[in-house]
Amino acid sequence: MTITTTMIPHSRPSIDQEEIRAVTAVLQSGHLAQGAVVERFERGMAAYFGVVGGVAVNSGTMALEVALRVLDIGPGDEVILPSYVCAAPWQAVQRVGAQARLVDIEPETFQIDADLARAAITSKTRAIIVPHLFGLPADLTALTSLGLPIIEDCAQTLGALEQGRAVGSVGTLTVCSFYANKLLCAGEGGMLLSSDPLLLERARSLREYDGAPSLNPLASNLKITDLQAAVGLAQLDRLPGFLERRVSLARSYREALAGSSAILPVVPAGRSHVYYRFVMRISTSGPGSDELSECLGRLERHGVQCRKPVFRSLHRYLGLDGFPASEAAEREALSFPLYPALTDEEAAHVLMVMRDEWRRE
């Protein structure tokens, strides 16, 4: 395999003339702050999920915090979430003063384990945050049977289905992120969505304080701009094509790795995968092994920038034990470049590197 100095990045936003025209129109309008374009974006996202409405805010992390606040979750309450996830859900729980109850993941899918979530419920449990990781839905059927409010985190799973239901349409609340590397990007921003008008109104009261009939000490300036919303709307129009490209690339990756020692993404019956990330597992010698770092280094030397899909599980930050599936994922999970802006030539190089790396074994 030939070493190359040209690097295919792990992520890259898909920006085209549609987004440029949309932003130009906002600039020419003279109205840049939150306005009619944000409202159109909120309606568009709500229609996409099939819910009543949405409230755009300045990040996905803030959307999580607002979701907790509109459910009146605070000091003395507990919120269940998986350990194998980025820090944002834990940060949101801390900011409202509640306690995070971490649980392990399903070993094969990387999703929160519903049986372990059930076992973690106490008299103080007020909600479950369900991040649908890497483009695959969690087991919403099992999770909703637990009888607690579900906050679906769809930052990575727009367009996926679970038992025929759109991810994001099932929980009490749904949150999205529009960060630059997400399925639908606006540079930054997030949104809270729900079919409960009262929860939506509470969220709006926390997003801004100007014009409110009374002072709310929890209200802040969490707005996004019409510029960001314009990018988001253009991306929403292009989302079906984005997802089609992702699924096509994933199919090629699967074919390239078929029959190798690579452990390919699992898609349980009743769930669809939109491949925000192509996350496979490599074979390792077990705890304490460094095969993943070595593999990442080899792939990067040959021009393919791969990543660990979760930098570090939450329980490891907190010094907790008892999360074997999360720790196995940290040792074994490897994310390849997969995004609509990946050119056919780049995809061909990724496929070549994949074949060479796993043929080497």
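Before any of the text, the structure's been laid out above.
Residue indices begin from 1 for each chain and proceed along its sequence in written order. For a predicted model such as this one, the threshold for reporting local features is a pLDDT of at least 70, and the threshold for listing and counting side-chain atom pairs is 80 or more; totals across whole chains, interfaces and linings nevertheless cover every residue. Excluding hydrogens and water, the side-chain values take into account all heavy atoms of the structure.

A. Seen up close, the packing of aromatic side chains. Each pair of aromatic rings taken from Phe, Tyr and Trp, with Trp reduced to its six-membered ring, is defined by centres within 6.5 Å and is described as stacked if the planes are under 30 degrees apart, edge-to-face if over 60, and tilted in the remaining cases. In total, this model carries nine aromatic pairs according to the counting rule given. Note on Tyr-48 and Phe-49: the rings are 5.9 Å apart at their centroids and 85 degrees apart in plane angle, and the pair reads as edge-to-face. Only protein chains enter the accessibility calculation, which uses a 1.4 Å probe. A residue is then buried if its area is under 20% of the maximum for its type, exposed if over 50%, and partly exposed in between. Look at Tyr-48 and you get partly exposed, because its relative accessible area is 32%. Note on Phe-49: relative accessible area 3%, which makes it buried. Taken together through their ring pairs, the aromatic side chains of Tyr-253, Tyr-275, Phe-278, Phe-336 and Trp-358 make up a single cluster. When the ring centre of Tyr-317 is taken as origin, the NZ or CZ atom of Arg-312, which lies over that ring, is 5.2 Å away. Counted as over-ring charges are cases with an Arg CZ or a Lys NZ within 6 Å of the ring centre that also lie within 35 degrees of the ring normal.

B. Local environment of the pattern of salt bridges. Whenever a carboxyl oxygen of Asp or Glu lies within 4 Å of a side-chain nitrogen of Lys or Arg, that contact is scored as a salt bridge. Enumeration over the complete set of coordinates arrives at 18 salt bridges. Residue Arg-271 pairs with Glu-106 through a salt bridge whose shortest N-O separation is 3.3 Å. Linking Arg-271 in the loop between α8 (226-257) and β10 (278-281) with Glu-106 in the loop between β3 (99-103) and α5 (114-120), this pair joins segments that are 165 residues apart in sequence. Between Glu-357 and Arg-298 there is a salt bridge, and its shortest N-O distance comes to 2.7 Å. On the criterion of sequence distance, the pair formed by Glu-357 in helix α12 (residues 344-359) and Arg-298 in helix α9 (residues 291-301) is long-range, its members being 59 residues apart. Since its relative accessible area comes to 1%, Glu-357 is described here as buried. Via salt bridges that share partners, Glu-42, Arg-207 and Glu-208 belong to a single interconnected network. For the purposes of this entry, the term helix denotes a DSSP run of H or I that reaches at least four residues, the term strand denotes a run of E that reaches at least two, and both are numbered from the N terminus.

C. Structural detail: the environment of Cys-185. For Cys-185, the location among the structural elements is in the loop between β8 (173-177) and β9 (190-194). Remark: the alpha-carbon pair of Cys-185 and Val-304, spanning 119 residues in sequence, is separated by 23 Å. The contact definition used throughout considers only heavy atoms, calling two residues in contact when any of these lie within 4.5 Å. With sequence-adjacent residues up to four places away left out, Cys-185 is seen in contact with Pro-13, Ile-15, Phe-178, Tyr-179, Ala-180, Val-231, Gly-232 and Gln-235.

D. Quick look at the pairing of strand β11 (residues 333-336). Residues Ala-333 and Ser-335 line one face of β11 and the alternating positions Leu-334 and Phe-336 line the opposite face, and both faces are buried. Whether two strands pair comes down to DSSP finding at least two bridges between them. Sheet analysis places β10 next to β11, joined by four bridges and oriented antiparallel. The partner of Met-280 across the bridge, within β11, is Leu-334.

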